[in-house]
Amino acid sequence: MKKLTIAVFFLAAFFSGNLINAQTDTSGTTVYRQTHTKHTELKHTKLKVSFDFQKQQMAGEEWLTASPYFYPTDSLVLDAKGMLIHEVSLSENGKNKTLKYDYSNDILKINLDKTYNRNQVYTVYIKYTARPNEVKDGGSAAITDNKGLYFINPDGKDPDKPTQIWTQGETESSSAWFPTIDKPNQKTTEEIYMTVPSKYVTLSNGVLKDSKDEGNNLRTDHWVMDKRHSTYLFFMGIGPFVVVKDKWKDIPVDYYVEKEYEPFAKGIFGNTPEMIDFFSTKLNYPYPWNKYSQMVGRDYVSGAMENTTATLHGEGAYQKTGDLIDENTWENTIAHELFHQWFGDLVTAESWSNITVNESFANYSEYLWQEHKYGKDAADYHIMNEIKGYEANQKNESKDLVRFKYDSREDVFDAVSYNKGGGILNMLRRYLGDDAFFAGLNDYLKTNAYGNGEAQQLRLSLEKVSGKDLNWFFNQWYYGSGNPKLTYTYNYEPVKKEVTVSIAQTQNNLFQFPLDIDVFVNGVANRETVWVNAKAKNSFTFSAAKNPDLINLNPDGVIISEITENKTSEQYLMQFNGSKDFKAKYLAVEDAAKNADKNPTALKTLVAALKDSFFRLKIQALNALDLSKTDQSKMALSEVEKLAQNDSKTLVQAAAISALVKTKNVKYLPWFEKNMSAISNAVKASSLAGIAALDPEKAANLAEKMDLSSVSEDLMMTLLPTIVDKKITSQMPAIGSLVAFYPFLKFQKPELGAKAEEGFNWIMTSDNTKATHNITKVLMQAKGQVEANPQAKMLIVQMLKSGLDKKTEALKANPFSASLKAQVEDLNKTIEAYK
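Residues numbered from 1 in each chain as written. Predicted model: local features only at pLDDT ≥ 70, side-chain atom pairs only at ≥ 80, totals over all residues. Heavy atoms only, no water.

## Observations regarding the sheet that holds strand S7 (residues 107-116)
Stated precisely, the cut-off is as follows: Note on pairing: DSSP must find at least two bridges between two strands before they are called paired. Comment: elements are numbered from the N terminus, with helices defined as DSSP H or I runs of at least four residues and strands as E runs of at least two. To get an axis, fit a line to the C-alpha atoms, keeping to the stretch in contact for a helix; angles then go from 0 to 180 degrees between the N-to-C directions.
Strand order across the open sheet formed by three strands is S3-S7-S6, with antiparallel pairing between neighbours. Two strands in the sheet have a free side with no partner beyond their single neighbour: strand S3 (73-79) and strand S6 (101-104). Sheet twist, expressed as the average angle between the axes of neighbouring strands with direction ignored, equals 20°.

Below you can see the structure in the form of structure tokens.
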């Protein structure tokens, strides 16, 4: 699963600032979460289902084939959430024999007709009604709801939203739509007969075996999955989708999208066959299933989900040409979910405590894909940001990667299991070497295929292949918490021509690890690799012709660590010019961004970065420049102008244009106006910001016709005053996800926060369904992050209640407006969710 992350900087700043820095902290939880005890082994699950769109319910029949796992038993205990159970019987030789059962507290306990021994197979028939709206409220920061079965716009009243049905099983919500043992260590084959309106397309696990016309505009599709997989990975998707066909070798690769996005489907998902080929080759394990489909669902409750052979993506996947020419922002998610088909679906974590063997691998697949497709700098940039996500909250320091103690199972879907876990795999790969690392992964997959795994089994496979003991690594990184925090000094001995580097670990639990050290002499870096022992202080001596100009630890950032630096701007310039590693260059530019307005050498670093071959460093430097200052303009303006016009990356062009906007020079107005015909949305949005700074009236007219739905938060904040002041109604939905957080924005940027509040009130007094829903949607997505902070939650609720009052007044003035009624209901639901 790819978590949905709310990347609004002011929300993060609020949490990490002077107000309470609260996040669900389960490090002190005392309850041991043991792996589910297997009393029963599922063999096969057969379902026949049909749907009542008006009631948002599903009529189901199930034939569940099982046997005792080891010990004899006379009962079968199933999870079944919010259901009506109509009949339970033993199905044998075409006849049903009624069985006694008890159904309470979402548990269905069935008394079998006799005591069954191990390997004695039986089939139970259950007739039931699934009622997802009766499932007890739940959800988390990672997965915002737990109804399992979702009816989207079932009555078709929302003209801007298609009617869809989709399911979400992780963590234990499949039992909201069919009775099962809803635990990750249960695997079963599957077949589903779905009866749906003939106008709709269906998708499920495995292959579509046949379809039958039922008359009355109904059709039954029969989907079959003949390989065992976990029950939380079962999936149904239904709706008016267009299916765009692709393939890898002889395996179908299909993309299920809304008609509007049919022309862009291959632009979004078209790298999938290459990804399948790359991962199959890298793992030396061919894609293990008989098809791979990807569907985009509306109002999805997370980022994306790796249902076996049938991934579901949130609508954030949707992009058009103007977005895709800049960057396919969903590409990492596509790689992430695909890699799960090996790590998560083929071999599944045997418990939520061991979710690392699913999610850390999927997180690291993003690095692998970036490295393969775009180069090491791109991969290092990506993993650096992932580790920043882990470091952003201090509570993560106390969490083990493998956690047997937690409050809620969804607590483990966090930046430790994902971000840090991916970084740990990167360290493990570096320590073992590529050949041993990937051979070990291959052994892990082959040993546990179509079954379950845990971190210890991963360790055993890697030890088996490499011959190395890895207990020390797993003890500190998998079963321990935190990371090294380093300070260092160095001393040169001119007689011996040696430099001694002393490294101190300042954290409580001490680590051992290999460490690269770059020793700079005369601007040239010589790399030394040392072994840091689990001691408070380690010292290392190297030959050096003269006193080093600079010492740089962990230059490529592979070791997850925090290093205290005391380098001068002159040393950072040397580090930038003399390093090959992205992370070393990035840190140099980061320092330069802080000091360019007061140190000419720092400014030289920024100018040097403008000419770097990696576009992210160019953007980093462009974002730091202030060309309204004479010294910066003198040194950088001509290069920025070149980048704005000629760089091969439209994101660099856009960043360069944003840098030119700061000059407020009217000579650039014709440039900005010309750029409004560009394909790139980033270029157009940056140019629109430039026009807004010079000619707000003209910018307002242009903004009426622009698609601003995918612009960055920074650009939207630039454009917000123009949109609100000029009341550009067409852009009201675009500002929804920004103004939804105006209480937090006011803490960081009071003037802009006031404008955002004005925008929020404008939406609340208007009849704009999409804008209102964009506010409630982003707040529901942020709910898991906000709820742990009482002050943040209070501010959100107060804001929503104020908005509801205004929207209710609008409804009183127009009591027959169905759209206003829907908006009032939307706001009420969001308020209830936050209570």
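Next, the rest of the story.
## Observations regarding the pairing of strand S13 (residues 207-215)
Of the strand pairs in this sheet, S13 and strand S14 (residues 218-230) are connected by seven bridges, and their pairing is antiparallel. Each residue of the ladder has a partner; that of Gly215, found in S14, is Leu218. Between S13 and S14, which pair antiparallel in sequence order, lie two residues; one of them, Asn216, sits at a positive phi of approximately 55°.

## Remarks on helix H24 (residues 750-764)
Here is the rule we go by: Expected helix span is given by 1.5 Å per residue-to-residue step, counting one fewer step than there are residues. Categorising residues by exposure relies on relative accessible area from a 1.4 Å probe, with only protein chains included: less than 20% of the type maximum marks a residue as buried, more than 50% marks it as exposed, and the intermediate range marks it as partly exposed.
Its 15 residues give H24 an end-to-end C-alpha distance of 21 Å, which sits within 8% of 21 Å, the value for a rise of 1.5 Å per residue. The complete set of buried residues in H24 reads Leu752, Gly753, Lys755, Ala756, Gly759, Phe760, Trp762, Ile763 and Met764.

## Comments concerning the layout of surface pockets
Keep this limit in mind: Definitions used throughout: a 1 Å grid over protein atoms alone; a cavity as a set of points that fits a 1.4 Å probe which cannot get out; a pocket as an open set with protein on both sides within 12 Å along at least five of seven lines; a lining residue as one with an atom within 4 Å of a point. Grid points are joined across faces, edges and corners, and a volume is the space filled by probe spheres set on the points. Charged means Asp, Glu, Lys or Arg here, nonpolar means Ala, Val, Leu, Ile, Met, Phe, Trp, Tyr, Cys or Pro, and polar covers whatever is left, Gly included.
In this structure, the second largest pocket occupies an estimated 620 Å³ of space. Ser561, Glu562, Ile563, Lys583 and Leu587 are, among the 28 residues lining the second largest pocket, the residues nearest its centre. When residues of the lining of the second largest pocket are traced back to their parent elements, those giving at least two are helix H7 (376-391), strand S28 (550-553), strand S29 (562-563) and helix H13 (582-595). In terms of residue class, the lining of the second largest pocket is built from twelve nonpolar, five polar and eleven charged.

## Topic: the packing of aromatic side chains
Where two aromatic rings form a pair, the distance of their centres and the angle of their planes describe that pair. Selection rule: To pair, rings of Phe, Tyr and Trp, with the six-membered ring standing in for Trp, must have centres within 6.5 Å; the planes then decide the type, stacked if under 30 degrees apart, edge-to-face if over 60, and tilted in the middle.
Counted under the stated rule, the structure contains 47 aromatic pairs. Relative to Phe437, the ring of Tyr364 lies with its centre 6.4 Å away and its plane at 85°, an arrangement referred to as edge-to-face. With Tyr364 in helix H6 (residues 356-374) and Phe437 in helix H9 (residues 434-448), the pair connects residues that are 73 residues apart, well separated along the chain. There is no split in this pair, since Tyr364 and Phe437 are both buried. Feature note: the residues Phe278, Phe279, Tyr287, Tyr292, Phe339, Trp342, Phe343, Phe361, Trp369 and Tyr444 constitute an aromatic cluster, connected by ring pairs.

## A short note on a nonpolar patch on the surface
Selection criterion: Each patch is assembled from residues with relative accessible area greater than 30% and no salt bridge, linking like charges that lie within 9 Å and nonpolar side chains (Val, Leu, Ile, Met, Phe, Trp, Tyr) that lie within 5 Å. Residue exposure ignores everything except the shown protein chains as possible cover, and the areas themselves are Shrake-Rupley values with a 1.4 Å probe. Salt bridge, as used here: a side-chain nitrogen of Lys or Arg that lies within 4 Å of a carboxyl oxygen of Asp or Glu.
A cluster of nonpolar residues, Tyr69, Phe70 and Tyr71, forms a patch on the protein surface that exposes about 370 Å² of accessible area. By secondary structure assignment, the location of Phe70 is in the loop between strand S2 (57-68) and S3.

## Thoughts on the nonpolar core
Soluble globular proteins tend to bury their nonpolar side chains together. The cut-off we apply is this: Think of a nonpolar core as a cluster: buried Ala, Val, Leu, Ile, Met, Phe, Trp, Tyr and Cys residues, connected wherever their side-chain atoms sit within 4.5 Å. We call two residues in contact whenever any of their non-hydrogen atoms come within 4.5 Å of each other.
With 99 residues, the main nonpolar core has Leu622, Val640, Leu708, Ile735 and Leu779 as its most contacted residues. Non-local contacts of Ile735, meaning those with residues more than four positions away in its chain, are made with Met716, Leu720, Ile723, Val724, Gly759, Trp762 and Ile763. Met427, Ala436, Phe513 and Val530 belong to the second largest nonpolar core, which has 91 residues in total.

## So, the packing of helix H25 (residues 769-786) against helix H27 (residues 818-834)
Here is the rule: We call two directions roughly parallel when the angle between them is under 35 degrees, roughly antiparallel when it is over 145, roughly perpendicular when it lies between 65 and 115, and oblique otherwise.
For the pair H25 and H27, interaxial distance at closest approach is 10 Å and the crossing angle is 10°. Here H25 is positioned roughly parallel relative to H27, judged by the angle of their axes. Facing H25, whose interface residues are Thr769, Thr772, His773, Thr776, Leu779, Met780, Ala782, Lys783 and Val786, H27 presents Ser819, Gln823, Asp826, Leu827, Thr830, Ala833 and Tyr834. Residues that form the contact of H25 with H27 fall into these classes: seven nonpolar, seven polar and two charged.

## Some remarks on unusual backbone geometry
At the junction of Glu170 and Thr171, the peptide bond is cis and its omega measures out at 5° in the coordinates. A positive phi is found at Lys497, a non-glycine position, where the angle reads about 55°. Counting through the fold element by element, Lys497 comes out in the loop between strand S23 (485-493) and strand S24 (498-505).

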